[in-house]
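# Structural overview for review
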Amino acid sequence: MIGHRKIEGPPPAGGYKLRRDSLSKLVVYETDQGPRRVRYSLDWRSPRNRTHGRDQQLGLQRLEQLLFKEFPGFHHALIYDMETDEKILEYNHDHHKIPHS
């Protein structure tokens, strides 16, 4: 299963922060050679959720929704695991999902 990592335990002091605490990131190329856009996953249900921790699958679902809502005409998109920096998913210019791992 893609994006199966769950991390239990309390959030850091002050709550979660996107760039620091996200389990995945989305890199979107809007045109063939245009600039890239980076978005980070929201892997937690609440900034101070002390019981459920972070869930990578939840973050991936949210990234996918954000991709098709915010960048409907994107050319290419990649989703990376923040810990290993490996590709998890790829979307080509036809918006077909290509799983990696």
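Here's a quick rundown of the structure. (Residues numbered from 1 in each chain as written. Predicted model: local features only at pLDDT ≥ 70, side-chain atom pairs only at ≥ 80, totals over all residues. Heavy atoms only, no water.)

The biggest cluster of nonpolar side chains holds twelve residues, and these are Leu26, Val28, Leu60, Leu63, Leu67, Phe71, Phe74, Ala77, Ile79, Ile88, Leu89 and Tyr91. Those elements that place two or more of their residues in this core are β2 (24–29), α2 (56–70), β5 (76–81) and β6 (87–91). (Core = buried A, V, L, I, M, F, W, Y, C linked by side-chain atoms within 4.5 Å. Buried < 20%, exposed > 50% of the residue type's maximum accessible area, 1.4 Å probe, protein only. Helix = DSSP H or I, 4+ residues; strand = E, 2+ residues; numbered from the N terminus.)

All right, on to the sheet that holds β6 then. If you trace the five strands from one edge of the open sheet to the other, you get β3-β2-β5-β6-β7, paired in antiparallel fashion. The two strands at the open ends of the sheet, each matched to only one other strand, are β3 (36–40) and β7 (97–99). Geometrically, the sheet is characterised by an average inter-axis angle of 20 degrees between neighbouring strands, direction not taken into account. Here four bridges tie β5 to β6, and the two strands are oriented antiparallel to one another. By the bridge assignment for β6, Leu78 is matched with Glu90. Those strands touched by α2 are β2, β3, β5, β6 and β7, and its axis lies near 20 degrees from that of β2. (Pairing = 2+ DSSP bridges. Axes fitted to C-alpha atoms, helices over the stretch in contact; angles between N-to-C directions. Contact = heavy atoms within 4.5 Å.)

Moving on to the environment of Arg19. Within the fold, Arg19 resides in helix α1 (residues 18–21). Sequence separation between Arg19 and Ser41 is 22 residues; the distance between their C-alpha atoms is 8.6 Å. If sequence neighbours within four positions are ignored, Arg19 has contacts with Tyr40 and Met82.

Moving on, we come to α2. End to end, α2 covers 20 Å across 15 residues, agreeing with the expected 21 Å (1.5 Å per residue, within 8%). Taken residue by residue, α2 has Gln56, Leu58, Gly59, Leu60, Leu63 and Leu67 as its buried positions. Summarising the contacts, the buried residues of α2 are in contact with β2, β3, β4 (54–55), β5 and β6. One side-chain oxygen of the residue at the start of α2 lies 3.1 Å from the amide nitrogen of Gln57, identifying that residue as Asp55. (Expected span 1.5 Å × (residues − 1). Polar contact = N/O pair within 3.5 Å; in protein donor to acceptor, adjacent residues only side chain to side chain.)

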